[in-house]
Amino acid sequence: MSYDLGAVVPLSTSVKDANGAPANAGNMRLTVTLPDGTTTVVDPVAPASTGSYTHAYQTVQAGLHQVRWLATGANAGASTDVLDVRPAAPPMLFSLADAKGQLDIPAASTGDDEEILDYIAATTAAVEYFVGPVVQRTVQQVLSGDCAAWVLHTTPVLAISSVAAVQAWQLDVPVQVLDVDAETGIVRRTDGLWFYSGTYRVTYTAGRTAVRPNVSLAGKLILQHLWRTQYGAARGPSAADDFSVTEQVPGFGYAIPNRALQLLQPDRQPGGFA
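Overview of the structure. Since the structure is predicted, the reported quantities are computational estimates derived from the model, not experimental observations. (Residues numbered from 1 in each chain as written. Predicted model: local features only at pLDDT ≥ 70, side-chain atom pairs only at ≥ 80, totals over all residues. Heavy atoms only, no water.)

### Regarding the pattern of salt bridges
One pass over the full model with this rule turns up eight salt bridges. For Arg29, the salt bridge identified is with Asp43, shortest N-O distance 3.1 Å. With Arg29 in strand β3 (residues 27-33) and Asp43 in the loop between β4 (39-42) and β5 (47-49), the pair connects residues that are 14 residues apart, well separated along the chain. When its relative accessible area of 33% is taken as the criterion, Arg29 is described as partly exposed. Given the relative accessible area of 40%, Asp43 is considered partly exposed. Where Arg212 meets Asp267, a salt bridge forms, and the shortest distance between an N and an O atom there is 2.9 Å. One end of the pair, Arg212, is in the loop between β14 (199-206) and α3 (213-231); the other, Asp267, is in the segment after α4 (258-264), and 55 residues separate them in sequence. Looking at Asp267, the relative accessible area reads 13%, which means it is buried. Through salt bridges with shared partners, one network takes in Asp4, Arg86, Glu114 and Asp118. (Salt bridge = Lys/Arg side-chain N within 4 Å of Asp/Glu carboxyl O. Helix = DSSP H or I, 4+ residues; strand = E, 2+ residues; numbered from the N terminus. Buried < 20%, exposed > 50% of the residue type's maximum accessible area, 1.4 Å probe, protein only.)

Here it is, written out as structure tokens:
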């Protein structure tokens, strides 16, 4: 399960003696390694009760964290775990409320909310595999000059924010002289010049300003399918509908129901499968 950036995560471990009974360690040290390689160390960690150690960790970075408990002295031992922290604005094709509506989960029932958010993120990635970016995001791409046009690899392109020269002897390219084809990602200059030699870092926004109904509905069907196939009929109104998938989708096995692929077909990008 992932946690929101800024959330307080309850970390815990337990210690037992040679007979398997709860027992305190001589000393307990907690080290959390953040995604950027820095560490947060709590030493010592006092037992909350005999053999039980807890720490409320305040998240400050998005990404995968390594968690290590180290008991030394009496009842020595170690345990390692990970925790994942979502970005402040993770790519989400639809809201938590929309997802719960599709899954027939009452709004007042919040016990599965964190898990559902993970499913929304996975569903968003699956949909974007077929149709390209739906959720807007900032993309950076390094391109070489001495040519009349560039091709940006992430489309649709909404806007180019900057073209920065990588080498010191180069000049930046003003975005005012650029024309970009949103669907193909082809960029040309409008002043009749080529892109001068050298290397350039292009920063641009890709995604869509609106989500087409067929894309949104396809995502909800994928979410519903994944939610039900994990726990069968207990997680859906019917185990028969899209539960037994008989045709594999290249790259996805049995994860994507065919009716969702059919809905995505009008927006499918070259290279995807539908």
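Now that the structure has been shown, we can carry on.
### Considerations on the environment of Thr39
You can see Thr39 is positioned in strand β4. Each C-alpha atom of the pair Thr39 and Val67 lies 9.8 Å from the other, and the pair is 28 residues apart in sequence. Non-local contacts of Thr39, meaning those with residues more than four positions away in its chain, are made with Thr31, Val32, Thr33 and Leu34. (Contact = heavy atoms within 4.5 Å.)

### Observations regarding the packing of aromatic side chains
Across all of its chains, the model carries four aromatic pairs by this definition. Aromatic pair Tyr119 and Trp227: ring centres 4.9 Å apart, planes at 80°, arrangement edge-to-face. Of this pair, Tyr119 sits in helix α2 (residues 113-131) while Trp227 is found in helix α3, placing the two residues 108 residues apart along the sequence. For the pair Tyr119 and Trp227, a shared accessibility class is recorded, and that class is buried. Taking 5.1 Å as the distance between ring centres and 85° as the angle between the ring planes, the aromatic pair formed by Tyr129 and Phe130 counts as edge-to-face. Every member of this aromatic cluster is reached through a ring pair, and the members are Trp150, Phe195 and Tyr200. Seen from the ring of Tyr196, Arg189 lies directly overhead, with NZ or CZ sitting 5.6 Å from the centre. (Phe/Tyr/Trp six-rings, centres within 6.5 Å; stacked < 30°, edge-to-face > 60°. Lys NZ or Arg CZ within 6 Å of the ring centre and 35° of its normal.)

Keep in mind that these numbers describe shape and distance, not what the molecule does.
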